[in-house]
Amino acid sequence: MAAELGTIGAPEATSATSSAPPAPRPAGQVADLELRRVVVTYNRVAVAIQEVSLRVPAGRVVAVLGANGAGKTTTLRAVSGFLPGDGAAVTGGTVLYGHADLTGRKPHVVARRGVVLIPERHKVFATLSVEDNLRCVPVPKDRGDHAATLALIDELFPVLSKRRRQLAGYLSGGERQMLAIAKALLLEPNVLLADELSLGIAPALLTRILEAVRQINAQRGASVLLVEQNAAAALEIADHVYVLETGRVVLDGTPAELTEHADVQNFYLGTSDGSGERSYADVKQYRKARRWAR
Ligand SMILES: Nc1ncnc2c1ncn2[C@@H]1O[C@H](COP(=O)(O)OP(=O)(O)OP(=O)(O)O)[C@@H](O)[C@H]1O
Ligand SMILES: [Mg+2]
């Protein structure tokens, strides 16, 4: 658990609660999202995440940082209910949204609560136009303000209206990401789960996309849980950050705290002491000496 292995700063992982100003609430009810010691197993035997505990306080942006295969997508799947294939299941722990227990619930049940996933891959229907991608989203009747959401999409991503008749398959990576965010917005999210927004995107576009996510958070009060390999991006946008390694949370803290952390600098930011390139053996040695390792 994060608290045991290396929480930086306040023990109650809630510097996110105290630092940022309160955000306005959307029409839906935004509550805290919490994972308590969640375990996900693939094919009944392979444990992909092990006792992952993390909290997304209502209205906050929380990031999970991790390398390839760390378990980031699996963590979001445990929340969203999209656990693919045979024998993939939450086999331990609980996922709570406010007082609602979402553990092992089906994707449509989770989405009905306003907990909405922007997936890592297959974000849009490539053979449909931009307009039809947006039209096919089942807009909820019980929360949000559809007209205001359409206006926000126009404001955030004007390129989508310019390209509305174009097939989504011909959009650039960044435009596709924008369309995916727009589709998620139409579901009037209370919590946005964003899987690797930086994937395949040019740095300039990524900055715009991160700004859009921040604006969604500020204007609509939606919480955001984003998982990222791009540490710089995650640290730029989040109120609070967790580090995931081989299926476990090994560290958490504010972006300022993590930016100062030597292991984060070495392994995620590449901004260490500048002593030049390391050999494989050096890295292997260093890994053993990682401060968060037991
Ligand atoms: N469908 C699956 N069947 C079996 N094992 C899987 C499956 N999907 C993921 N895994 C395993 O679970 C672990 C976590 O994978 P996951 O996709 O969650 O990592 P990730 O942090 O999202 O990685 P990436 O940065 O590459 O997207 C990995 O060891 C992976 O091999
Ligand atoms: Mg992934």
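Notes on the structure follow. Small disclaimer: the values here were computed from a predicted structure and weren't measured.

### Concerning the overall build of the chain
Part 1 of the argument: The number of helices and strands found in the chain is 13 helices and 10 strands.
Part 2 of the argument: Taking all contacts inside the chain whose residues are at least 6 apart in sequence as the whole, residues at least 24 apart take part in 76%.

### Observations concerning helix H6 (residues 146-156)
Part 1 of the argument: Taken together, the buried positions of H6 are occupied by Thr149, Ile153 and Leu156. Projection of H6 onto a plane perpendicular to its axis shows the buried side chains occupying an angular sector of 75 degrees, all on one side. Of the residues in H6, the exposed ones pointing more than 90 degrees away from the buried face are Ala147, Ala151, Asp154 and Glu155.
Part 2 of the argument: Considering only its buried residues, H6 is in contact with helix H7 (158-162), helix H8 (173-186) and helix H9 (203-220).

### Here's the deal with the site of ligand 1
Part 1 of the argument: Not every one of the 16 residues close to ligand 1 is listed here, only the nearest: Tyr42, Ala48, Lys72, Thr73 and Thr74.
Part 2 of the argument: Sorting the residues of the shell around ligand 1 by element identifies strand E2 (46-56) and helix H3 (72-80) as the ones contributing at least two each.
Part 3 of the argument: In the shell around ligand 1, the residues fall into 5 nonpolar, 9 polar and 2 charged.

### Things to note about the sheet that holds strand E10 (residues 248-253)
Part 1 of the argument: The 6 strands lie next to each other as E6-E7-E8-E3-E9-E10, forming an open sheet whose pairing is mixed. Each having just a single partner strand, strand E6 (115-118) and E10 make up the two edges of the open sheet. Adjacent strand axes in the sheet meet at a mean angle of 20 degrees, parallel and antiparallel pairs treated alike.

### Notes on the packing of H8 against H9
Part 1 of the argument: Relative to each other, H8 and H9 sit at 10 degrees, their axes nearing to 10 Å. As far as their axial angle goes, H9 and H8 are roughly parallel. Between H8 and H9, the residues in contact are Gly174, Gln177, Met178, Ile181 and Leu185 and Leu205, Ile209, Ala212 and Ile216, respectively.
Part 2 of the argument: Residues that form the contact of H8 with H9 fall into these classes: 7 nonpolar, 2 polar and no charged.

### Let's talk about the nonpolar core
Part 1 of the argument: Ranked by internal contacts, the top residues of the largest apolar core, which has 80 residues, are Ala182, Leu192, Leu193 and Ala234.
Part 2 of the argument: The leading source of residues in this core is H8, at 8 residues.
Part 3 of the argument: In this structure alanine 234 touches Ala63, Leu65, Leu226, Glu228 and Val241, once residues within four positions along its chain are discounted.

What counts as what
- Residues numbered from 1 in each chain as written.
- Chains lettered and ligands numbered in written order.
- Predicted model: local features only at pLDDT ≥ 70, side-chain atom pairs only at ≥ 80, totals over all residues.
- Helix = DSSP H or I, 4+ residues; strand = E, 2+ residues; numbered from the N terminus.
- Contact = placed C-beta atoms within 7 Å.
- Buried ≥ 20, exposed ≤ 12 C-beta atoms within 10 Å, placed from the backbone.
- Arc of directions from axis to C-beta.
- Near = placed C-beta within 6 Å.
- Nonpolar A, V, L, I, M, F, W, Y, C, P; charged D, E, K, R; others polar.
- Pairing = 2+ DSSP bridges.
- Axes fitted to C-alpha atoms, helices over the stretch in contact; angles between N-to-C directions.
- Parallel < 35°, antiparallel > 145°, perpendicular 65-115°, else oblique.
- Core = buried A, V, L, I, M, F, W, Y, C linked by C-beta atoms within 7 Å.

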